[in-house]
Amino acid sequence: MAITVGSTTPTTGLLTSMGVGSGLDVATLVDKLVAARKAPQQNQITNQAALANTQLSGLGQISAALSALQSAMASITDGSAFNARTVTSGATDVLGASASGNPVGGSYKVEVTQLATSLKATSGAYADSSAKLGTGTLTFTVDGQSMNLQLDDSNNSLAQVRDAINKASDNPGVSATIVTGTDGAHLVLSGTRTGAANGFVVSSSGGDGNLAALDYDAAAASGNALTVITAAQDAQYSIDGLAGHSAGNSISSAIDGLTLNLVKVGESTLTVANDPSKGSSALSNLVNTYNSFVGIYQNLTKYDATSGTAGAMIGDATINGINSTLSRLIGGSANGTSLAALGVSLQVDGTLKLDNDKLTKAMGDGGKLASQLFGGDTGLAAQINSQLDQWVGSSGTLAGRTDSISQQLKSLKDQQTTLDSRMADLTARYQAQFTALDTLMSKLNSTSSYLQQQFDALNNINKK
């Protein structure tokens, strides 16, 4: 770090003329003396900081590569990559379906005979939305849950009742709107959930009795004032001739691992097949990510005998240990099989090579062999993830090394500040000393000149 001479110089006014009396280049002499004193410690600080920054960069590269490997392991660890299935509906306008778990391959004939609907009913016609409905208590019940609206002349218009229903915090599942036709304004009530059990019941009590115009109970033989637009009903269907029903049109309990979405009445054939592409893609990604780590490791630890240059972290015990452990795990076996059985082989240079033909053939079993290798507490996924968790993360080995080096750099920065301060003081001291010497030399030169003049004068007198 260069020394900058500033306001620390003496204020005697002599600095700008140092060397006048002595004939010496005092400014250059001071700079060289200070530089000589500073050089050993400065070199030590500079070299240590350069090494620390190099190691910090290397650890960052290794950490990023291991984090990428951790991400590549995600779908392999949870098994989703090897349990993937394609689900196809022969008539998507009748039936849609998707895998929601691990369905068994096969085909299913599905017949939809009825869609699930929610109850929708309308009141009689009123003059407009400000018309009064009546006073008393209006009770709405859905599947055993109820809410009560207390209505009087201050809050019983068509619009006010609509808003009270929609805003009620204890609403059991009813929405309201106003539809205006040629005959007037109607309060239209709709169930918010489909299914026979989710139909609503409306009853009134007390007040002037006019709220009875909204009474409705599908189970009642008489007394219903609302007109039903759509009845509440369950979906009805059959799968390979086995009848079923559901309160909704999205059904996840009919076939293991599948969610059915009923669209309209009709028939469709569902086909469930293995999808090896996701497993193959996951393993290919794992191979590429691992090879990326190996490439970074080799670059950081290489040695070029020709040029005599070494990698930034050659001989580093931490990353050597990480590479050694990963190589052992990747090249080893788990649960009675290995990556080689899936077409992934460990090369002499430490990288992995993927045989796509062998992988495709291995994945033809629906991912069973791959699941065997990676799955369970003793599987390859658990072994690799256990190590990655120790290395990567806020409390991992690499984070500890990074924190230690960061502290070292902070200490070196403090040392640099102290060194610069000492050298500034030394510069000021040297300047003061040489200024004093220069002043003394100037005085001696003046005295010498005076004496010479006197001797010359005496010699001239003697000659006369």
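Above this text is the structure in question.
This one's a predicted model, so the numbers in the text were calculated from it and none came from an experiment.

A. Seen up close, the overall build of the protein. In terms of helices and strands, the protein carries nine helices and 21 strands. Its C-alpha atoms give the protein a radius of gyration of 45 Å, clearly above 23 Å, the size a compact globule of 464 residues would have. Dimensions along the principal axes, computed over C-alpha positions, put the protein at roughly 160 × 70 × 35 Å. Going through the 464 residues of the protein one by one, you find that 37% of them count as buried. Considering only contacts within the protein whose residues lie at least 6 apart along the sequence, 70% involve residues at least 24 apart.

B. Region of interest: the sheet that holds strand β13 (residues 250-251). Reading across the sheet, the three strands line up as β2-β14-β13 and stay open at both edges, with antiparallel pairing between neighbours. Single-partner strands in this sheet number two, and they are β2 (95-99) and β13.

C. Structural context of unusual backbone geometry. Of note in this structure, D143 is not a glycine but carries a positive phi near 50°. Looking at the element boundaries, D143 is found in the loop between β5 (136-142) and β6 (145-151). A relative accessible area of 54% places D143 in the exposed class. Even without glycine at this site, N335 takes up a positive phi of about 55°.

D. Up close: the environment of L59. If you trace the backbone, L59 turns up in helix α1 (residues 26-72). By relative accessible area, which is 1% here, L59 ends up buried. Along the primary structure L59 and M313 are separated by 254 residues, whereas in three dimensions their C-alpha atoms are 8.7 Å apart.

E. Representation of the nonpolar core. Judged by nonpolar contacts, the single largest core of 57 residues is most densely connected at L66, F293, L326 and F374. When contributions to this core are tallied by element, the ones reaching two or more residues are α1, α4 (276-301), α5 (317-331), β21 (352-354), α6 (356-362), α7 (368-374), α8 (380-391) and α9 (397-463). Among the elements that line this core, the one with the most residues is α1, at 11 residues. Apart from residues lying up to four places away in sequence, F374 is in contact with I76, F82, L283, L286, L339, L342, G379, L380, A381 and A382.

F. Summary view of the packing of aromatic side chains. By the definition in use, this model includes four aromatic pairs. Consider the rings of F293 and Y297, whose centres lie 6.4 Å apart with planes at 25°: the pair is stacked. Of this pair, F293 and Y297 both sit in helix α4, four residues apart, roughly one helical turn. Here F293 falls in the buried class, since its relative accessible area comes to 0%. Look at Y297 and you get buried, because its relative accessible area is 13%. Aromatic rings pair up to connect Y290, F293 and Y297 into one cluster.

G. Structural context of the pairing of strand β7 (residues 174-181). Inspection of the sheet shows β7 paired to strand β8 (residues 184-191) by eight bridges, in the antiparallel sense. Across the sheet, the residue bridging to T177 is V188, located in β8. In this structure, the hairpin formed by β7 and β8 is closed by a connection of two residues.

H. Representation of the packing of α1 against α8 within the structure. Where α1 meets α8, the axes come as close as 10 Å, and the angle between the chain directions of the two elements is 145°. At the point where α1 passes α8, the crossing takes the left-handed sense. Residues L66, L69 and Q70 of α1 form the contact with α8, whose participating residues are L388, D389 and W391.

I. Spotlight on the sheet that holds strand β3 (residues 106-114). With antiparallel pairing, the five strands of this open sheet are ordered in space as β1-β15-β3-β11-β12. Taken across any chain shown, the strands that pair with only one partner, and hence form the sheet edges, are β1 (85-89) and β12 (242-246). Direction aside, the axes of adjacent strands within the sheet are offset by 25° on average. Relative to β12, strand β11 (residues 235-239) runs antiparallel, the two sharing five bridges. Considered in β12, the bridge of S238 is made with A243.

What counts and what doesn't
Every chain begins its residue count from 1, and numbering advances along the sequence as written. Note on the predicted model: pLDDT of at least 70 is required for a residue's local features to be given, and 80 or more for side-chain atom pairs to be given and counted; whole-chain, interface and lining totals, by contrast, use all residues. Remark: hydrogens and water are excluded; side-chain values derive from all non-hydrogen atoms of the structure. The secondary structure listing takes helices from DSSP runs of H or I that are at least 4 residues long and strands from runs of E that are at least 2 residues long, numbered from the N terminus. Two things to know: the radius of gyration comes from C-alpha atoms, and the globule rule equals 2.2 Å times the number of residues to the power 0.38. Here's how the labels work: a residue is buried when its accessible area is under 20% of the maximum for its type, exposed when over 50%, partly exposed in between, all with a 1.4 Å probe on protein chains only. Note on contacts: a residue pair qualifies if any of its non-hydrogen atoms lie within 4.5 Å across the two residues. Strand pairing is defined by DSSP finding a minimum of two bridges between the two strands. Think of a nonpolar core as a cluster: buried Ala, Val, Leu, Ile, Met, Phe, Trp, Tyr and Cys residues, connected wherever their side-chain atoms sit within 4.5 Å. Only Phe, Tyr and Trp rings are paired, with Trp represented by its six-membered ring, and only when their centres lie within 6.5 Å; those with planes under 30 degrees apart are stacked, over 60 edge-to-face, the remainder tilted. In this analysis an axis means a line fitted to C-alpha atoms, helices contributing only their contacting stretch, and an angle means the value between N-to-C directions, from 0 to 180 degrees. A clockwise turn of the near helix away from the far one marks a right-handed crossing, whereas an anticlockwise turn of less than a right angle marks a left-handed crossing.

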